[in-house]
Amino acid sequence: MTVSVDIDGGVAIVTIANPPVNAINRTVRERLLSLAQEFDGDPAIRTVVLTGVGALFVAGADIAEFDRPVEPPFLPDVIARIERAGKPWIAAIRGAALGGGLELALGCRLRVATGTARFALPEVNLGIIPGAGGTQRLPRAIGVAEAIRVVAENHTVDAAEAVRLGLVDALIEEPLLPGAIAFAREVLEKTLPPPSLDRPLSAPAQEVWTEAEKRIASRAKGASAPLQALEALKCGIEQGAKAGLARERSTFLSLRGSEEAAALRHLFFAERAALRPADIRGIAPRPVATASVVGGGTMGSGIAAALLNAGLSVVLVEQDAAGVSRARDTIAGLFEASRRRGHITGEELAERLGRLETSIGYDDMERCDLVIEAVFEDLAVKRAVFAALGRICRPDAILATNTSYIDPRLIAEGLPGPERFLGLHFFSPAQIMKLLEIVPTPETAPDVLATGFDLARRLGKIPVRAGICDGFIGNRILRRFRAEAEALIRGGVPIAAVDAAMRGFGFAMGPFEMQDMAGLDIAFLHREAARARGEPVPDLPGDLLVRAGRKGQKTGGGWYDYEPGDRRPQPSAEAERIIAPLIGPRKDMAGEAIVARLMAAMAQEGQAILEEGIAASAADIDLVEVHGYGFPRRRGGPMFQLGRADVNHA
Ligand code: CAA
Ligand code: NAI
């Protein structure tokens, strides 16, 4: 039974029991509606306590239903019926009340909660707005300025704030139900407050709207839902709750069917599936309390910071005193930046640094449960590191490489206990980027693989398992993407047109701007090495630029020119002159056509990766692009785009 009922001396206790998150599906809606009708006709019932089973109240509407047409009874009608019930409904909340869950609670006449309660309307993350009265009842319950933050800016209200704002009428200690029932009996003796929707409301000053619009638009990154949520809220304040409800519902229904919402739902489910791949379900990870990072450069320092942020102890190994102090300074600088932005306190900063130990050589390895190697991208250097680790570490310690391109099997050759070895490929900056490619070798033990996934979860990262090939999933697609972008400019399409098209699609930067930022020299050296091995690598425009000393922003120019201290790219006549021998006659191409070419190239590479078994699913490829390469979230990823193109052309 998804909704159960118990009667306790005139109090009906309605429990939503739809694990794992008590999502509201059609059955729950039907049952709540019929119970509201039934209780009103039952003289033995005086009041109703509505709660959820387990650690949370209700996580919202069942998102899995959103790919189908809406089916009655509709949630707004169910909530309206509860709100107008003759027998007052009281929500008893433990844990999260999200989306439709909060809206349901707002439809109740009163709300009691435990200290674990938290309230949010995360619909905008799914490309929609609240669809069951949230934009109308919430401002009437807690005030307009606070409601704007919840409705359109993803703010979560905890139990203490909820009490302060009047969203919760009483805090109750566990066990919740007896307290809630006693509260329900008590309030029957008093005059009840009016339903949320009937509460008086004063319109805020015009600046409240203008400032909110500015704030929301600047953070929306092209997504439409946050501003539309604000508009629905505003409509209800300017034109009354009835008009507001109608506006909210029509916006909700039209966004629900949008491509943006479909993309965000796709990612919602993909992200959750990624944390629990079927083949390691039920396999216990090895305990990891202390980790070592070998190499404290760009990646090693970021990885160490990520581990420290997640509460682990870290031993960072460098080659010499200068390396150690550089790494320590970098990590301290990262934490200091977090403190300045208000993400951590001074005490937290000190505590995190207190868990960092640095070392020249491998003295402290005995206590490390996991070692992540992040030394130079050079097979001989990496092999020497693993030869030492193989001798020094405990036999059960997990050994991982952060290599970008080198075959992990070659790195692990000769390692005693190869079953404890795997690739853990972080992305730069490692303390921020969410993607972690997990690259097992054929010998990696299942519990070692499970530990990689568990580590990702602890670090707040999205793990994607990748098979072994040059570049794994992400860098392989990146190479193809860049090659296609270069093919476009060789065909005469202006550099700036390609970058502008990709920015228009939602990337923060176009492919050439990105190369200028990261430096053109690494890929150039890669190609030069291949040429030195006698491989037939043709000259590319990027090679001409590097040979002319234009390696990107760090040399004052690459594909573009840069003024000193200014990262804004300026079109470069010099760059054009240098690459001219490899560029065809100018060809203008519409932004959409440029995007389509680059998307098709990415998706084709993605298809090949799938067919070769390098990625387990198309959704995994999308996660790699979104969380590792800045692919716009609202576009769902290249494989999602391919699916949409197939649908549109069918
Ligand atoms: N609908 C359907 N399934 C949901 C769901 C929902 N609203 N919320 C979570 N789930 C599923 C997840 O997909 C996952 O399924 P699998 O076990 O099959 O992978 C399972 O529930 C557990 O979820 P998590 O792994 O995320 O568990 P968690 O404990 O880490 O987090 C949570 C729990 C905080 C509730 C988180 O799942 C969450 O944020 N859920 C989404 C909440 C949300 O966006 N609600 C708004 C929905 S839209 C709406 O309500 C519109 C409306 O107008 C009524
Ligand atoms: P880096 O050059 O910034 O840092 C390498 C560090 O390793 C240096 O500080 C060096 O002193 C240290 N080191 C070298 N040999 C060592 C040894 N034997 N013992 C201890 N320390 C040693 O390089 P970066 O960029 O951090 O890359 C490291 C690894 O991460 C490479 O394999 C690279 O391919 C990979 N990677 C790099 C990414 C990036 O964006 N830079 C992204 C993902 C992976």
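Only a predicted model underlies this, so the values are computations on that prediction, with no experimental measurement involved.

Here's the deal with the overall build of the protein
Right, on to step 1. Counting secondary structure elements, the protein contains 26 helices and 19 strands.
Right, on to step 2. A compact globule built from 650 residues should have a C-alpha radius of gyration of about 26 Å, and the protein, at 28 Å, falls within 12% of that.
Right, on to step 3. Expressed as lengths along the three principal axes of its C-alpha atoms, the size of the protein is roughly 90 × 60 × 45 Å.
Right, on to step 4. In the protein, which comprises 650 residues, the proportion classed as buried is 53%.
Right, on to step 5. Restricting the contact set of the protein to residue pairs at least 6 apart, pairs at least 24 apart contribute 72%.
Right, on to step 6. Taken as a whole, the protein presents about 27,600 Å² of accessible surface, with 55% of it coming from carbon and sulfur.
Right, on to step 7. When the 75 positive and 82 negative side-chain charges of the protein are each reduced to one mean point, those points stand 2 Å apart.

A closer look at the pairing of strand β16 (residues 435–440)
Right, on to step 1. Within β16, 6 of the 6 residues are buried, which leaves it mostly tucked inside the rest of the structure.
Right, on to step 2. Residues of β16 alternate between two faces, with L435, E437 and V439 on one and L436, I438 and P440 on the opposite face, all of them buried.
Right, on to step 3. Examined bridge by bridge, strand β15 (residues 421–426) and β16 share 5 bridges and lie antiparallel to one another. In the sheet register, F426 faces β16, and the bridge partner there is L436.
Right, on to step 4. Pairing analysis gives 4 bridges linking β16 to strand β17 (residues 462–465), with the strands arranged parallel. Considered in β17, the bridge of L435 is made with I462.
Right, on to step 5. Between the parallel pair β16 and β17, the chain is carried across by helix α17 (residues 446–458), and the sense of this crossover is right-handed.

Re the UniProt feature "domain: 3-hydroxyacyl-CoA dehydrogenase NAD binding" (unreviewed entry) in the protein
Right, on to step 1. Here, UniProt's "domain: 3-hydroxyacyl-CoA dehydrogenase NAD binding" (unreviewed entry) annotation points to residues 291–466.
Right, on to step 2. Strand forms 22% of residues 291–466 and helix 41%; the C-alpha atoms that close the span are 23 Å apart.

Some words on the site of ligand 1
Right, on to step 1. The full set close to ligand 1 counts 24 residues, and A59, A61, G100, R272 and R276 are the nearest of them.
Right, on to step 2. Measuring from a nitrogen atom of ligand 1, one finds a backbone N or O atom of I63 at 2.9 Å.
Right, on to step 3. With 3 residues, the single largest contributor to the shell around ligand 1 is helix α11 (residues 259–275).
Right, on to step 4. Looking at the shell around ligand 1, its residues break down into 14 nonpolar, 4 polar and 6 charged.

Focus: the nonpolar core
Right, on to step 1. Grouped together as the largest cluster of nonpolar side chains are 67 residues, with contacts concentrated most on V14, L32, L50, W89, I93, F119 and L138.
Right, on to step 2. Here L138 is in contact with L106, L121, G133, G143, A147, V150, V151 and L167, once residues within four sequence places are set aside.
Right, on to step 3. If you look at the next biggest cluster of nonpolar residues, it comprises 54 residues, including L267, Y562, I579 and M599.

Considerations on the sheet that holds strand β12 (residues 356–360)
Right, on to step 1. Spatial ordering of the open sheet is given by β12-β11-β10-β13-β14-β15-β16-β17, a layout of 8 strands whose pairing is mixed. Unpaired on one side and paired on the other, β12 and β17 mark the two borders of the sheet. For this sheet the average axis-to-axis angle between neighbouring strands, irrespective of direction, equals 25°.
Right, on to step 2. With 4 bridges connecting them, strand β10 (residues 290–294) and strand β13 (residues 370–373) associate as parallel partners. What sits directly across from V294, in β13, is E373.
Right, on to step 3. Running over the sheet, helix α15 (residues 379–392) touches β10, β13, β14 (398–401) and β15 and is turned about 175° from β14.

Side note on the environment of D561
Right, on to step 1. Residue position: D561 is located in strand β18 (residues 560–561).
Right, on to step 2. With relative accessibility at 26%, the residue D561 sits in the partly exposed group.
Right, on to step 3. For D561 and R550, which are 11 residues apart along the polypeptide, the C-alpha to C-alpha distance reads 9.2 Å.
Right, on to step 4. D561 has contacts with R550, G556, R568, P569, Q570, P571 and S572, leaving out every residue within four places of it along the chain.
Right, on to step 5. Separated by 2.6 Å, the side chains of D561 and R550 make a polar contact.
Right, on to step 6. A polar atom in the side chain of D561 sits 3.0 Å from the side chain of S572.

Concerning the sheet that holds strand β2 (residues 11–16)
Right, on to step 1. The 6 strands are arranged β1-β2-β3-β4-β6-β9 in an open sheet whose pairing can be described as mixed. Edge strands, defined here as strands with exactly one partner in the open sheet, are β1 (3–8) and β9 (170–171).
Right, on to step 2. In this fold helix α1 (residues 26–40) packs onto β1, β2, β3 (47–52) and β4 (89–93), with an angle of close to 25° to the strand it touches most, β1.

Thoughts on the packing of aromatic side chains
Right, on to step 1. Evaluated as defined, the whole model comprises 10 aromatic pairs.
Right, on to step 2. Geometrically, the ring pair formed by F386 and F421 is edge-to-face, given 5.2 Å between the ring centres and 80° between the ring planes. Linking F386 in helix α15 with F421 in strand β15, this pair joins segments that are 35 residues apart in sequence.
Right, on to step 3. The exposure class of F386 is buried, given its relative accessible area of 2%.
Right, on to step 4. Taking the centre distance of 5.7 Å and the plane angle of 85° together, the rings of F505 and F631 count as edge-to-face. Here F505 is found in helix α19 (residues 495–505), whereas its partner F631 is found in the loop between α25 (618–628) and α26 (638–649), with 126 residues between them in sequence.
Right, on to step 5. Residue F631 is classed as buried on the basis of its relative accessible area of 2%.
Right, on to step 6. The rings of F481, F505, F507 and F631 are connected pair by pair, giving a single aromatic cluster.

Definitions and cut-offs
Residues numbered from 1 in each chain as written. Chains lettered and ligands numbered in written order. Predicted model: local features only at pLDDT ≥ 70, side-chain atom pairs only at ≥ 80, totals over all residues. Heavy atoms only, no water. Helix = DSSP H or I, 4+ residues; strand = E, 2+ residues; numbered from the N terminus. Rg over C-alpha atoms; globule rule 2.2 N^0.38 Å. Buried < 20%, exposed > 50% of the residue type's maximum accessible area, 1.4 Å probe, protein only. Contact = heavy atoms within 4.5 Å. Areas by Shrake-Rupley, 256 points an atom, 1.4 Å probe, with all protein chains shown as cover. Lys, Arg positive; Asp, Glu negative; His and termini not counted. Charge placed at Lys NZ, Arg CZ, Asp CG, Glu CD. Pairing = 2+ DSSP bridges. Right-handed = clockwise from strand over helix to strand, strands pointing away. UniProt positions renumbered as here; feature names shortened; annotations may be inferred. Near = heavy atom within 4 Å. Polar contact = N/O pair within 3.5 Å; in protein donor to acceptor, adjacent residues only side chain to side chain. Nonpolar A, V, L, I, M, F, W, Y, C, P; charged D, E, K, R; others polar. Core = buried A, V, L, I, M, F, W, Y, C linked by side-chain atoms within 4.5 Å. Axes fitted to C-alpha atoms, helices over the stretch in contact; angles between N-to-C directions. Phe/Tyr/Trp six-rings, centres within 6.5 Å; stacked < 30°, edge-to-face > 60°.

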